[in-house]
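Breakdown of the fold
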Amino acid sequence: PEAPVLHQHIANAAREGLSYLTMEVSSQALKYKRVRGLQFDAGIFLNISEDHISPQEHQDFEDYFNSKLAIFRQTKTACVNLDSDFAERILKAARKSDKIITFGRHPRADIRYSQVKTEGGRLAFTVECRQFTEHLSLAMPVKFNIETAVAAIAAATVYGVPVSCMKKALESTKVPGRMETFFSSDKQLCCIVDFAHNRLSFEKLYDAAYQEYRSYKKIITVFGCPGGKALNRRRELGILAGLFSDYVFLTSDDPGTETVEQICDELKSYVEMTDCPCGCVPDRETAIRLAVQKGREFGERTLILFLGRGTERCQRIGNRLIPGRTDSEMVQ
């Protein structure tokens, strides 16, 4: 929402007795001053990749990056991931904040994590910082979630949250639509629903698929791209899906004023550059059903990835939001 509406929501929350607010602030919100007049106690910069470049969003990567860096102009404590690409540039911009806390695997990080391993469907890892050294576990199985968990720990240290509370919270943390996993009764099919929607998240997800789901011999990917924005994603995601999949189903994901067929045809041209077979199925529920059938046809243990939408219940088709079931509901 625009700044006056946002301030109205925050005032309502304060009147209701709420003391804390966590907000995802988009590059668009920063570029167009939708968070004007707010000062953040903690501002987290997790990572960046080339994305959101289109006539409706950012004209180029520099515009996108500089828009994101603007958060530090209104942040008391900047929390910066030292493992991020462009970490030095991010740190330079973070000097606009009153204080900087760094986190990551990097040996110079103020909050360092190490000894990552998977135990019984959970992640176990160690965090070291000035305040404590603690062994923690996260109720999510895939290693790329650790960066986000350690970012949350960094923010918690800003508020002086006791490590015992952090530990308890992480042990019970599960995020709907984030690496949600479903198995067929015979365990031959493993279906994963995830929000992954850009190059960085696709790369991390396929890395996790190859490293942490090695018993599955085939990979099927189901995804689409939004209409009218983030146009560079189409080439990037098409090539990535083709490189790492044995079959790709292209389908709808907020086509907006473009047709699903038009988007899928463009994506298909990039998938086919990798010689991976693919099909265009405009209706997402049908695509999900066909992907499961294809997994059965392979006759081998198959990992099926349903990407981009997570828990989203509506798709933007034309100028309307059309309600529907989530990917998780359809997969189940």
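Here the structure is a predicted model, which is why all the values come from computation and not from measurement.

Aromatic ring pairs are described here by two measures, namely the spacing of the ring centres and the angle between the planes. As enumerated under the stated definition, the model contains twelve aromatic pairs in all. Measuring from centroid to centroid gives 5.6 Å for F61 and F65, while their planes differ by 45°, and the two rings are tilted. Highlighted residues: F61 and F65, both in helix α3 (residues 61–69), separated by four residues, approximately one helical turn. With relative accessibility at 0%, the residue F65 sits in the buried group. On the numbers, 5.8 Å between centres and 70° between planes, the contact of Y210 with F244 is edge-to-face. Of this pair, Y210 sits in helix α7 (residues 199–212) while F244 sits in helix α8 (residues 232–244), placing them 34 residues apart in sequence. Taking the relative accessible area as the measure of exposure, Y210 reaches 42% and is therefore partly exposed. Taken together through their ring pairs, the aromatic side chains of F45, F61, Y64, F65, F72 and F86 make up a single cluster. Cation over ring: K218 sits above F298, and NZ or CZ is 5.4 Å from the ring centre. When the ring centre of Y247 is taken as origin, the NZ or CZ atom of K294, which lies over that ring, is 4.5 Å away.

Time to look at a nonpolar patch on the surface. A surface patch of nonpolar side chains, amounting to about 340 Å² of accessible area, comprises Y20, Y159 and V161. Following the sequence through the fold, V161 ends up in the loop between α5 (145–158) and α6 (163–171). V161 gets classed as partly exposed once you look at its relative accessible area, which sits at 32%.

For the coordinates displayed, the defined rule picks out 19 salt bridges. One salt bridge in this structure joins K167 and E134, with 3.2 Å as the shortest N-O distance. Here K167 is found in helix α6, whereas its partner E134 is found in strand β6 (residues 133–138), with 33 residues between them in sequence. Linking R309 and D253 is a salt bridge whose minimum nitrogen-to-oxygen distance equals 2.9 Å.

For the rest of this paragraph, the subject is the sheet that holds strand β1 (residues 40–45). In space, the six strands of this open sheet follow the order β1-β2-β3-β4-β5-β6, with mixed pairing throughout. Of all strands in the sheet, those bounded by a partner on one side alone are β1 and β6. Across the sheet, the mean angle from the axis of one strand to that of its neighbour is 25°, orientation sign disregarded. In terms of strand pairing, strand β4 (residues 111–119) meets strand β5 (residues 122–128) through six bridges, oriented antiparallel.

On to the side chain of S184. Checked against the element boundaries, S184 lands in the loop between β7 (180–183) and β8 (189–194). Among residues more than four places away in sequence, those in contact with S184 are L189 and R296.

All chains considered together, the criterion is met by zero disulfides. In this model C79 remains outside any disulfide bridge; the closest cysteine sulfur is found in C129, 12 Å from its own. This cysteine, C165, is not joined by any disulfide, and C129 carries the nearest cysteine sulfur, 15 Å off. You can call C165 partly exposed: its relative accessible area is 42%.

Here L30 shows up in helix α2 (residues 27–31). Given a relative accessible area of 7%, L30 falls into the buried group. Sequence spacing of L30 and Y20 is ten residues, and the spatial spacing of their C-alpha atoms is 21 Å. Ignoring sequence-local partners within four residues, the contact set of L30 consists of V25, V35, S67, K68, A70, I71 and Q74.

Turning next to a positive patch on the surface. A contiguous patch of positive charge on the surface is contributed by K33, R36, R73, K92, R95 and K96. Residue position: R36 is located in the loop between α2 and β1.

About the cut-offs
Residues numbered from 1 in each chain as written. Predicted model: local features only at pLDDT ≥ 70, side-chain atom pairs only at ≥ 80, totals over all residues. Heavy atoms only, no water. Phe/Tyr/Trp six-rings, centres within 6.5 Å; stacked < 30°, edge-to-face > 60°. Helix = DSSP H or I, 4+ residues; strand = E, 2+ residues; numbered from the N terminus. Buried < 20%, exposed > 50% of the residue type's maximum accessible area, 1.4 Å probe, protein only. Lys NZ or Arg CZ within 6 Å of the ring centre and 35° of its normal. Patch = residues over 30% accessible without salt bridge, like charges linked within 9 Å, V, L, I, M, F, W, Y side chains within 5 Å. Areas by Shrake-Rupley, 256 points an atom, 1.4 Å probe, with all protein chains shown as cover. Salt bridge = Lys/Arg side-chain N within 4 Å of Asp/Glu carboxyl O. Pairing = 2+ DSSP bridges. Axes fitted to C-alpha atoms, helices over the stretch in contact; angles between N-to-C directions. Contact = heavy atoms within 4.5 Å. Disulfide = S-S within 2.5 Å. Lys, Arg positive; Asp, Glu negative; His and termini not counted. Charge placed at Lys NZ, Arg CZ, Asp CG, Glu CD.

The quantities given are spatial measurements derived from coordinates; they are silent on function.
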